[in-house]
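# Geometric and topological summary
Take a look at the letters that make up each chain.
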Amino acid sequence: MSVRALRQSMSRTVLVAGVGRTLGTAVAEALADRGDRVVLVARSRDVIEPLAADLRDDGARAVAVRGDLTDPDAVEETVAAGRDAFGAFDGVVHAANVPGGGRFADCDLDDFDRVWETRARAAFLLAKATADDLREDGPGDGGRLVVAGTNYATDPAGSATAWDSAAAATRGLARSLAADPAAPAATYAEIDTALAPSGADPGLVRTAAEEVASDLVDVLGADAPTEVRLPRQTAEA
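Report on the accompanying structure.

Scoring rules and cut-offs
Residues numbered from 1 in each chain as written. Predicted model: local features only at pLDDT ≥ 70, side-chain atom pairs only at ≥ 80, totals over all residues. Heavy atoms only, no water. Salt bridge = Lys/Arg side-chain N within 4 Å of Asp/Glu carboxyl O. Helix = DSSP H or I, 4+ residues; strand = E, 2+ residues; numbered from the N terminus. Buried < 20%, exposed > 50% of the residue type's maximum accessible area, 1.4 Å probe, protein only. Phe/Tyr/Trp six-rings, centres within 6.5 Å; stacked < 30°, edge-to-face > 60°. Core = buried A, V, L, I, M, F, W, Y, C linked by side-chain atoms within 4.5 Å. Contact = heavy atoms within 4.5 Å.

## Comments concerning the pattern of salt bridges
Counted by the stated rule, this structure contains 12 salt bridges. With a shortest N-O distance of 3.9 Å, Arg171 and Glu190 are connected by a salt bridge. Placement of the pair is Arg171 in helix α6 (residues 161–179) and Glu190 in strand β6 (residues 185–191), with a sequence separation of 19 residues. Classification of Glu190 as buried rests on a relative accessible area of 3%. Three or more residues are tied together by salt bridges with common partners; here these are Asp155, Arg171, Arg175, Glu190, Glu227 and Arg229.

Printed below as a string of structure tokens:
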């Protein structure tokens, strides 16, 4: 059996939500390299459609689905489209982010809501929409929701009110899901470094997105802890 055939025989179906040019792209590439079936989701088609085409050209199974992760109906439709393409999900990676916020004095309600909706609300909606697939006692084979987050969850920057608070809320959601037998397994991944896009020189102050993506893909495994700090450091909650 070829290496590719062996990988595909052990493949999973994974939804990557909020695919941008840095972490989301690197995660999708790492999943495809492993042989997984990948559903790429973003509000815009600009990144996901060319990326899905590139992955398919390399022999992977990938589909791009446009969807707004802050809209309950859109999330349900997105998840349904992914299931139609590849069947039940074995994992979900929430990598969506959005600029906004700043210090308390400069953060207005629109900024605050936009960050919270993209981070905490979207994580909740994704968990709801995929719960039957991911729960061990559901009709699927079980799986894990991994939230790609930031160390602001435990070490607030003080200069990003919306991000500091949304990170803590999203981390709390993951912990709550992990503690609830009726909810899907969940892990909050604290990324404590700036990332460089795939193939770019990370320089002295950034980490290559591929390095973090490789660790993140490993976290989808059934025995992952409730919290990890990336890259390369793990700590069970």
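## Considering the packing of aromatic side chains
On inspection of all chains with the given rule, the structure shows 1 aromatic pair. On the basis of an interplanar angle of 25 degrees and a centroid distance of 5.4 Å, the ring pair of Phe112 and Trp116 is categorised as stacked. Of the two residues, Phe112 and Trp116 are both situated in helix α5 (residues 109–134); the distance of 4 residues between them amounts to about one turn of the helix.

## Quick look at the nonpolar core
Ranked by size, the top nonpolar core spans 36 residues in total, and within it Val27, Leu31, Val38, Leu40, Leu55 and Leu216 carry the most contacts. Those elements that provide at least two residues to this core are β1 (13–17), α2 (23–34), β2 (37–42), α3 (45–57), β5 (144–150), β6, α7 (209–219) and β9 (227–230). Look past the residues within four positions of Val27 in its chain and what remains in contact with it is Val16, Val93, Ala213, Leu216 and Val217. Ranked by size, the runner-up nonpolar core spans 28 residues in total, among them Leu126, Ala127, Leu173 and Tyr188.

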